[in-house]
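One-letter residues, chain by chain:
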Amino acid sequence: METAVLLRSSNKLIFNPRHYSPHNFFRLLSSSSISSSSLTPLNPHRSINPLTARSLPRRRKLIPPSATSSSSSPSFHFNKHHFSTLSPHAIATPYSLDASTVPDEVAAKYGFEKVSGEFIGECKSKAVLFKHKKTGAEVMSVSNDDENKVFGIVFRTPPKDSTGIPHILEHSVLCGSRKYPLKEPFVELLKGSLHTFLNAFTYPDRTCYPVASTNTKDFYNLVDVYLDAVFFPKCVEDYQTFQQEGWHFELNDPSEEISYKGVVFNEMKGVYSQPDNILGRAAQQALFPDNTYGVDSGGDPKVIPKLTFEQFKEFHGKYYHPSNARIWFYGDDDPSERLRILSEYLDMFDASSAPNESRVEQQKLFSEPVRIIEKYPAGDGGDLKKKHMICLNWLLADKPLDLETELTLGFLDHLMLGTPASPLRKILLESGLGDAIVGGGIEDELLQPQFSIGLKGVFEEHIQKVEELVMSTLKKLKEEGFETEAVEASMNTIEFSLRENNTGSFPRGLSLMLRSISKWIYDMNPFEPLKYEKPLMALKARIAEEGSKAVFSPLIEKFILNNPHCVTVEMQPDPEKASHDEAAEREILEKVKASMTEEDLAELARATQELRLKQETPDPPEALRSVPSLILRDIPKEPIHVPTEVGDINGVKVLKHDLFTNDVLYAEIVFNMRSLKQELLPLVPLFCQSLLEMGTKDLTFVQLNQLIGRKTGGISVYPFTSSVRGREDPCSHIVVRGKAMAGRVEDLFNLVNCVLQEVRFTDQQRFKQFVSQSKARMENRLRGSGHGIAAARMDAKLNVAGWISEQMGGVSYLEFLKALEKRVDQDWAGVSSSLEEIRISLLSKNGCLINMTADGKNLTNSEKYVSKFLDLLPSKSSVEAAAWNAQLSPGNEAIVIPTQVNYVGKAANIYDTGYKLHGSAYVISKYISNTWLWDRVRVSGGAYGGFCDFDTHSGVFSFLSYRDPNLLKTLDVYDGSGAFLRELEMDNDTLTKAIIGTIGDVDSYQLADAKGYSSLLRYLLGITEEERQKRREEILSTSLKDFKEFGEVIEAVKDKGVSVVVASPEDVDAANKERSNYFDVKKAL
Ligand SMILES: [Zn+2]
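None of the values given here were measured: they were computed from a predicted structure.

Focus: the sheet that holds strand β12 (residues 370-377)
Stage number 1. Taking strand neighbours across the sheet as the criterion, the five strands line up as β12-β16-β13-β15-β14 in an open arrangement whose pairing is mixed. Of all the strands in the sheet, the pair left with one neighbour each is β12 and β14 (436-443). Each adjacent strand pair in this sheet contributes to an overall mean axis angle of 15°, direction not counted.
Stage number 2. Of the pairings in the sheet, the one linking strand β13 (residues 388-395) to strand β15 (residues 450-458) comprises eight bridges and is antiparallel in character.

Looking at the layout of surface pockets
Gaps between atoms show up when a probe of the same size as a water molecule is rolled over them.
Stage number 1. For the second largest pocket, the calculated volume is near 910 Å³.
Stage number 2. In terms of lining residues, the second largest pocket is bounded by 29 residues, among which Ser259, Lys261, Pro965, Asn966 and Asp1067 are the most central.
Stage number 3. For the lining of the second largest pocket, the elements supplying multiple residues, two or more each, are β10 (259-261), α9 (263-271), α21 (577-594), α34 (968-975) and α41 (1065-1074).
Stage number 4. Across the lining of the second largest pocket, the residue classes break down as nine nonpolar, eight polar and twelve charged.

Points about the sheet that holds strand β28 (residues 1080-1083)
Stage number 1. Read across the sheet, six strands follow the order β25-β26-β24-β27-β23-β28 without closing on themselves; strand pairing throughout is mixed. Looking at which strands have only one partner, the edges of the open sheet turn out to be β25 (945-951) and β28. Here the average twist between neighbouring strands, direction ignored, is 15°.
Stage number 2. Bridge analysis of β25 against strand β26 (residues 956-962) gives seven bridges, and the strand direction is antiparallel. Considered in β26, the bridge of phenylalanine 950 is made with phenylalanine 957.

Quick word on the packing of helix α26 (residues 745-757) against helix α32 (residues 856-871)
Stage number 1. Between α26 and α32, whose axes approach to 9 Å, the crossing angle comes to 20°. Judged by the inter-axis angle, α26 sits roughly parallel to α32. The two elements α26 and α32 meet at a crossing, and its hand is right-handed. Facing Val745, Glu746, Phe749, Asn750, Val752, Asn753 and Leu756 of α26, the residues of α32 in contact are Ser862, Tyr865, Val866, Lys868 and Phe869.
Stage number 2. Tallied by class, the residues present in the contact of α26 with α32 amount to seven nonpolar, three polar and two charged.

With respect to the environment of phenylalanine 1046
Stage number 1. The residue phenylalanine 1046 is located in helix α39 (residues 1040-1049) in this model.
Stage number 2. Considering only alpha carbons, one finds phenylalanine 1046 and valine 370, 676 residues apart in sequence, at a separation of 60 Å.
Stage number 3. Excluding its chain neighbours within four sequence positions, the residues that come into contact with phenylalanine 1046 are Ile910, Tyr915, Ala921, Ile924, Phe957 and Leu981.

Some words on the pattern of salt bridges
Stage number 1. Across all of its chains, the model carries 81 salt bridges by this definition.
Stage number 2. Of the charged contacts, one joins arginine 793 and glutamate 806 as a salt bridge, the two residues approaching to 2.9 Å between their closest N and O atoms. With arginine 793 in helix α28 (residues 786-798) and glutamate 806 in helix α29 (residues 800-809), the pair connects residues that are 13 residues apart, well separated along the chain. Like glutamate 806, arginine 793 is buried.
Stage number 3. Through salt bridges with shared partners, a single network forms among Arg725, Glu1027, Lys1030, Arg1031 and Glu1034.

Some points on helix α20 (residues 548-561)
Helical geometry: 3.6 residues make up each α-helical turn, so side chains three or four residues apart lie on a common side.
Stage number 1. Under the 1.5 Å per step criterion, the end-to-end length of α20 is 18 Å for 14 residues, consistent within 8% with the ideal 20 Å.
Stage number 2. Among all positions of α20, only Ser548, Val551, Phe552, Ser553, Leu555, Ile556, Phe559, Ile560 and Leu561 are buried.
Stage number 3. Where the residues of α20 are buried, they touch β13, α14 (403-417), β15, α16 (463-480), α17 (484-500) and α19 (533-546).

Digging into the packing of aromatic side chains
Stage number 1. One pass over the structure, following the stated rule, counts 46 aromatic pairs.
Stage number 2. With a centroid separation of 6.2 Å and 90° between ring planes, the pair formed by phenylalanine 482 and phenylalanine 552 is classed as edge-to-face. Taken as a pair, phenylalanine 482 in the loop between α16 and α17 and phenylalanine 552 in helix α20 lie far apart in primary sequence, 70 residues in all.
Stage number 3. Linked through ring pairs, Phe155, Tyr209, Tyr226, Phe231, Phe232, Tyr320, Tyr345 and Phe349 together constitute an aromatic cluster.
Stage number 4. Positioned over the ring face of phenylalanine 701 is arginine 766, at 3.4 Å from the centre of the ring.
Stage number 5. One cation-aromatic arrangement involves arginine 1075 over tyrosine 1078; the distance from NZ or CZ to the ring centre is 5.8 Å.

Parameters and conventions
Residues numbered from 1 in each chain as written. Predicted model: local features only at pLDDT ≥ 70, side-chain atom pairs only at ≥ 80, totals over all residues. Heavy atoms only, no water. Pairing = 2+ DSSP bridges. Helix = DSSP H or I, 4+ residues; strand = E, 2+ residues; numbered from the N terminus. Axes fitted to C-alpha atoms, helices over the stretch in contact; angles between N-to-C directions. 1 Å grid on protein atoms, 1.4 Å probe; cavity = no way out; pocket = protein on both sides within 12 Å on 5 of 7 lines; lining within 4 Å. Points joined across faces, edges and corners; volume = space filled by probe spheres on them. Nonpolar A, V, L, I, M, F, W, Y, C, P; charged D, E, K, R; others polar. Parallel < 35°, antiparallel > 145°, perpendicular 65-115°, else oblique. Left-handed = near helix turned anticlockwise from the far one by under 90°. Contact = heavy atoms within 4.5 Å. Salt bridge = Lys/Arg side-chain N within 4 Å of Asp/Glu carboxyl O. Buried < 20%, exposed > 50% of the residue type's maximum accessible area, 1.4 Å probe, protein only. Expected span 1.5 Å × (residues − 1). Phe/Tyr/Trp six-rings, centres within 6.5 Å; stacked < 30°, edge-to-face > 60°. Lys NZ or Arg CZ within 6 Å of the ring centre and 35° of its normal.

Written out as C-alpha cells, the structure reads:
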C-alpha cells in the first residue's frame, strides 16, 4: 500500500511556493515542475533540489506546505531546464463536442444571462461566460470530460496599507459561517472530504478560494462551504477570530511580558526572515510606488498590529460582494447545476459599487531609474562580505500588454533564462560574481508586467560588476540575437509543455483558472489567456520569416535597455538585524504594558485566557454535523489500480503501465546505488547535476541541453532513498527520468545513454558553480523550510536511509558543500575521479530496472530502443552492497539561524516498540494533525502550521511545526498527543469523516505519468497489491479503540524521542536555560 503517499501527501492540497511561479503562457513549464512534486510525497527521503527557485512567491496561503511536501519535493523535478520539444501538432487528442450546455431559459430561471461562449480546442473544453443579472457577478463555466472538477471564487482586494487585511481575511472567512457555525469548517473539510485541492491564496490585488474533487457530491459540498464562507463569514462579527488569525496581545499572567500572537503575524515573520522574500517585496514596492502594489497585501509584521477590527470588517463588506466576484467552474459536472447553486447565494445581494473601488490603478513609468538598499537578517558566521544580493528590476509598460506581445516576451524570457544553457543565466553564473540567480525573469501576473534579474552571494565590491554584466549581456543579446538551435529548443520545450499540460497534482482546471483570472481580474477577456495555438503559430511564422533577431531584439531594446523605469535593489547582510527587530518589538510591547493599568492587565490576561479556552473547546456535535460529508458507502472498497506488467528485456526487469498518455512515453531508468562507497554518497546530487550540465567529448553542455530540449520532453536525474519496512538495508537508487513523444523514443534513449556514458567530469569551473548554487539553495531551504531540515536531521539520527538523505540534502550536506568548495580548488583531480567512480559503480545492467508508462502500442514500439540501450550498458558479474552503517549521534539538537520564527521537531521509531503497521495509523496521524496539533500549535500557539508524519517504511513517527513563535511549549504539545488519543471520545460521524479524509489522501488524484511512477516506487519498496488492499480495509474499519491504543504507541516519542529544532539564537538560549541544556547547539548560517 502506498504508505508514504498516505501520510506524506496528507497535505497534498498545498503546493510549494518555491515551485510555483506566476502563470503566463510559458510558466506552464513551472506548473509542470509542480507536477513532479506531486510524485514526491511517495519519496520518504529528501535530497536535492535541482531547480534554482527563480520566482519569488507572491501568494500567501491559508496553510503552509507540510514537512514532506516541501522537504521531499526537492528530490525530484522535471525541471524546466530539461523540458522540451516536439513538432507542433504532435500531441492531438480526439474529443467530443457534445459537452453539455445550459439552455438559455435555464440560465434565465437562475438569474443569469449568457455573455459569450466558445469551444477552446487547447483545453478541449466548452467555455461559457455568464453574468448574474442582479449583481453583475461573472461566471466562467467550463465543461469537458475532466473528472477532477474545480471551483474557484475570486475577489479583487487591493489593499491600501501593509496591515495584511486581505491576507488575514483570507484566513478568517474560513473560520465559520452562517450555515456552518463551527470554529473552522475548512479544517472539517481537510479532515473529511475527498478534495483533490483545498486552499486559499492572497495575491497583491486579489484573493482566491479554489477547491477541487473528482467526486461530484463531495465537490458540491466543498463549493457550498466555500460560498457560505466568503459571503457570510462569522469573522466579521467575531473579534476573537480576528485576534487568532490576525494579531493580538497575549498575556498569560499580569506579571509576565506581553507578546504578539496571531497566525498571519507569525506566517509573515517567517516570510520576512527570508532574504529572497525581502528582496522580492522591496523590488515590487519600489517598482509600484503609486498604486496598490506599493504595499504588502500579506502584511508586514511591523505594520500588522496597526490593523483594527473595524477596518477589517469594512474591507470584507466592501470587497466580498458578488459584484466584485469572478467565479470559475470546470469539469465534467452538470453546468446547469452550477448556476442553480450560485443563484442561491448571489440572489441575496444587490449590485454594489465595489468594482469601481477595487479597480487597480496603473503605475506611470518613471523618467529616471531608482536605486534602493535594504538590509536582511544574516547570521554572524561565515563570510558576510560575500553575502550581498543585487537585483535589477524593470516595469515593462504603463499598461497591460496585448497577449501576443506577452507571449513573445515569455518566449524571450525562456530564451534568456529558461535553462542552464540560456545565455543570460549562463553568463551570470559563469562570471563567478555570485552563487545563484535571483529575480523571476518576466512576471506578468499583475496588471503590468515586470522583468527582474540579479545574483546573490556577491562580494560588496562586485555589485557594480554584476550590474554592468547584466546590462552588457542584454545589449549583446540585442545586437547578436540567439542561436538557431537555442530558439528551436525553446520553442519545442514550450510547445511540449503546453500540449502535454502536465500539472501534476495541481488540478488542470485550477491551472487554467489562474491563467484566465490573470486577465479577467482586470476586466479583460477571460477566454484569451486559454488560447495559445494561434498566437504561438503566428510567433513561429514570424520567427521563420523575419528571423528570431528581428522578433526579439526590438523587445529587449524597448522594454529593458531603453526603459528608464528600472529599480536596482541592493541587499546587505546585517548580523544585527534579527536581534534589532526583536528588540524593537520588545520595546513596543514594554511600552504597551507600561501604559496599562493593573485593571487593564488583569483584563488582558482574562481575554487571553478566554481566547485560549474558546480555541481549545471542541465544536458541539450539531455544529460539526452541519458540514456535509460523504458516507462510507460512497467510498470505493478497492485501491486505485495501476496496470502493471512485469517483464524482462535482455535480462533486465521492465515494468510497463498501459495508460492513456496522449502519445507521450514516460520512462524511468533506475540504477542501484547500494554498491556505492559510503563516503561518496554526499557527492551524488552533484554527480546527477553534472550528468546533465557538464557536456561530453563531442558536445558542449549547451549543445547537449539544446539537444535534449529539441528531441525530448525533458530528462532529469536524481537519487531516491528510503527505508524498507521489515528490512535493515535501505532501498537506494539513482533515477533517470525522461519523456518524449512516441516518435522520439529512440532519441530519448540515445540521449539518456549519452548522458550516462559520455559526459565527462572535466569542467572544474562549472562544477564549482554547481557547488556554489547548491550551497545557496541549501541556505535558502534552511530559512524557508526549516521543518524539512529538522525532519531530515531527526531521520538521520534514527536510521541509515535518513542518514543518507541528510548527507544529500540536510545540514550535513551544507557542511559538505562548504568543504567541497575548497576541495574543488585544491584537489580537482580527486573530485573528478570520485565522480567517475560513482559512475563506474552505478552503471550496470545488473542493478538496472526500467519503468515505462504509455499506451500499449507505444510501449511495445519502445521495446526495441530499450533493448538497444541496455546492450550498451556494461554488465558486472555481481553488484556487491557497500557497508553503510552511519547514523548521526542521537542527542537533541538546535540548529541556530537568524530567524524570527522557529521550526520544532520531535521523533522516534515506533517499530522499535514492537508496533506492527496497521491501516488505522494513517487515519490516526491525520487526525492528530488536524485536531490536536492544529488547535494547539497553530490556533492557540500561533504557529503557521503543525503536523505529524509517519514514515511507514522506517517506522519513524515525527512531529513538526512551521513558522512557530514557540519552542519548548510546542514540544509539550507533542508530548501531550498520547494522552489526547487515550482520552479521546468521538462519535461515529467524526470517525467516518476521519476515515473518508484518509481515503481521500490514499486515492489522491494522479495523472498517468504519476500513476506509473507511484507504481514503480511501490515495486522498489516491496509494497504489493494485496498489502494495499489489506491496508485499505484496515483504514475503512478503523475504530476508536485503535485511536486509544495508538496513544500508547506514540508515547515512545514523548519518552524516547529525539528533538531537533531550527530556531533563533535567543529562543534556543532561553530553552537551554529553562531546561538545563536540553539542546546541543549547532550554528548553521
Ligand atoms: Zn497565510
